[in-house]
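Structure assessment
Here is how the chains run, residue by residue.
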Amino acid sequence: MASMKLGSKTDAFQKQGQAWFCTTGLPSDVVVEVGEMSFHLHKFPLLSRSGVLERLIAEASNEDEDGCVVQLPDIPGGPKAFELVAKFCYGVKLELSASNVVYLRCAAEHLEMTEEYGEGNLIAQAELFLNQAVLRSWKDSLKALQTCEDLLPHADDLQIVKRCIESLAMKASTDPNLFGWPIMEHGGPMQSPGGSVLWNGISTGARPRNLNSDWWYDDVSNLSLPTYKKLISVMESRGIKPEIIAGSLTSYAKRYLPGLNRRQSVNESSSRSLGAPPPEEEQKLFLEEIDRLLPIQKGLTSTKFLFGLLRTALILRASPACISNLERRIGMQLDQATLEDLLMPNFSYTMETLYNVECVQRILEHFLTMDQATGGASPCSIDDGQLMGSPSLTPITMVAKLIDGYLAEVAPDINLKLPKFQSLAGAVPEYGRPLDDGLYRAIDIYLKSHPWLADSEKEELCRLMDCQKLSLEACTHAAQNERLPLRVIVQVLFFEQLQLRTSIAGCFLVSDNLEGSRQLRSGFAGSNEGGGGGWSTAVRENQVLKVGMDNMRMRVSELEKECTNMRQEIEKIGHVAKTSSSAWGSVSKTFGFKLKSQMCSAQEGSVSNQNKNGNIKIEKVKEKQGKQKKKVATD
């Protein structure tokens, strides 16, 4: 820290209780009262340096000839500052530093200690030290700015606050590795002019470590909010990147909002705290101010930090505008959130659910609005092949997966009403879910936790999912799920059978291709020396393929039996025709099946013919399977 010594005499002041005495040997002829402290001094040293004291001493001497008492109730810095001023007037050694120069500068201005009352007076000395020492150093500028907070508005009137902030903003916007001054001031090793590290003045040859753009975050976190706001405003005007500003605001908020540090380790949290947390009302005002200062652009602030702000805002009952703004910010980048972020407890006494589902739905609506405005994926931009294949991780698909996981977490809550669950699940557009496995899992958990639902309510809930978009594993589970309505189970069985037949048809096509290419591979292997590897590989692939097709045939046979039993039960009830030729057509009309063109055409036309004519018998399918078995056996 920079310092400068003034005066040449040794300290000649002594404190006795609430009074200061000058021990020069001469009796004091003036008493200066500053607050509760009184200073017993002499007139000449004071009036020869200060215009204000000259006038006050003259007035006091005329009023009371026996004693001279001067009162200074409004001097900036109070007794502490006047003590330094008195020492300066007496020529006592005084060391200027970043901690006291602002006190001296403001007090000197208040007392009119100009060059008119003596060369090298206190105003000139303080200004010289400010400009040539304090403002050239990051650490001293920061310390001086902190002392300004106790001397407002005097420090503002003298432009000291502005000058310190300009100095800090300039240094923060400059690459610290170009000069080396930040490294020395942050407790790092000293450097030689060539840039190497010094040890006891000897160059070690080592190079100092580079500093990141966030090296100043912790330092400015010690400033009060009004001063910090001024600093951020000047930094923005100097063109500092918004992501750096957002990082500083994040660090600053974590310093004063204890709720944001709940996931940090004990050591990290204690090192960032400032002792006792501020009152809740101050925290609420502070949070609302941070929300106004944060940049609006997407991705500049981490989603986890925004969720922490929202959670804290709900606890502190911040203004509706602040909460809505935070929800909008999170909605812009919901695809970057995690399931843990969404699980926000309900802090309102009027809501019965464990988690704040309504807040999540509002966030989702903001995301969908932003996704549509920015030209996100639409139903027309995703073809059927993409829906049934492996989905690309677009923002809408990631959000759909996140919401399905959230629905599964909140589904066990018995107080979660069906309309609220349906509203959140149905808010995700259909094209956002390439597969409905996650939605099916959430619905199944909800049905398990709410067994009292009526059959009509269960069917209404199950309409949220599309049975055609369930994987084979999900179809297998759903076909045996007694919690699902009968209509849904029949739909699942029907589409599962279609998927299996499509898969088998694809396997047969692959088998034909393998048969046609096996001769080529065997001929190629025979032309090489010791060439038995190609044939053995083909045989091994064929064996694996046969095992897979056998398993599929067994599963198709089981499903056909289940469908036959189901058909007989429906015929007994009287909901379908009695003749077997029109049974499947009636079932498809009753349960509202929707067949996809690519699924119906995959099995070499067999499934599509069944959909058009509606009169293919189960026995005819078995005959075809027998022919296929013979064909595989010949292979």
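Within an unreviewed UniProt entry, the label attached to the protein chain reads NPH3 domain-containing protein, and the organism entered is Papaver somniferum.

**Thoughts on the nonpolar core**
Counting residues in hydrophobic clusters, the biggest one holds 157 residues, and the most contacted among them are Val-32, Leu-41, Phe-82 and Leu-334. Counting contributing residues per domain, this core is built from domain 1 (3–144) and domain 2 (333–373 + 393–471), each supplying no fewer than three. Ignoring anything within four residues of it in the chain, the contact list for Leu-334 reads Phe-307, Leu-342, Ile-363, Leu-364, Phe-367, Val-399 and Leu-402.

**So, the pattern of salt bridges**
By the definition in use, this model includes 18 salt bridges. Two residues, Glu-281 and Lys-284, come together in a salt bridge whose shortest N-O distance is 3.6 Å. In this pair, Glu-281 and Lys-284 both sit in helix 14 (residues 280–293), three residues apart, roughly one turn of the helix. For Lys-284, a relative accessible area of 19% gives the class buried. When salt bridges with common partners are traced through the structure, they connect Arg-105, Glu-109, Glu-127 and Arg-163 into a single cluster.

**What to know about the packing of aromatic side chains**
Each aromatic ring pair is summarised here by two numbers: the centre-to-centre distance and the angle between the ring planes. Summed over all chains, the structure comprises eight aromatic pairs. Taking the centre distance of 5.0 Å and the plane angle of 90° together, the rings of Trp-216 and Tyr-217 count as edge-to-face. Each member of the pair, Trp-216 as well as Tyr-217, carries the same accessibility label: buried. Consider the rings of Tyr-256 and Phe-286, whose centres lie 5.5 Å apart with planes at 50°: the pair is tilted. On the criterion of sequence distance, the pair formed by Tyr-256 in helix 12 (residues 242–256) and Phe-286 in helix 14 is long-range, its members being 30 residues apart. Judged by its relative accessible area of 8%, Phe-286 falls in the buried class. Three or more aromatic residues link up through ring pairs in this structure, and these residues are Tyr-228, Tyr-252, Tyr-256 and Phe-286. Over the face of the ring belonging to Tyr-103 we find Lys-80, whose NZ or CZ atom lies 5.2 Å from the ring centre.

**Describing helix 12**
The first and last C-alpha atoms of helix 12 sit 21 Å apart over 15 residues, in line with the 21 Å expected at 1.5 Å per residue. A large share of helix 12 lies buried, amounting to 11 of its 15 residues. Among all positions in helix 12, only Ile-244, Ile-245, Ala-246, Ser-248, Leu-249, Thr-250, Ser-251, Tyr-252, Ala-253, Arg-255 and Tyr-256 are buried.

Analysis parameters
- Residues numbered from 1 in each chain as written.
- Predicted model: local features only at pLDDT ≥ 70, side-chain atom pairs only at ≥ 80, totals over all residues.
- Heavy atoms only, no water.
- Core = buried A, V, L, I, M, F, W, Y, C linked by side-chain atoms within 4.5 Å.
- Buried < 20%, exposed > 50% of the residue type's maximum accessible area, 1.4 Å probe, protein only.
- Domains from an automatic or database assignment.
- Contact = heavy atoms within 4.5 Å.
- Salt bridge = Lys/Arg side-chain N within 4 Å of Asp/Glu carboxyl O.
- Helix = DSSP H or I, 4+ residues; strand = E, 2+ residues; numbered from the N terminus.
- Phe/Tyr/Trp six-rings, centres within 6.5 Å; stacked < 30°, edge-to-face > 60°.
- Lys NZ or Arg CZ within 6 Å of the ring centre and 35° of its normal.
- Expected span 1.5 Å × (residues − 1).

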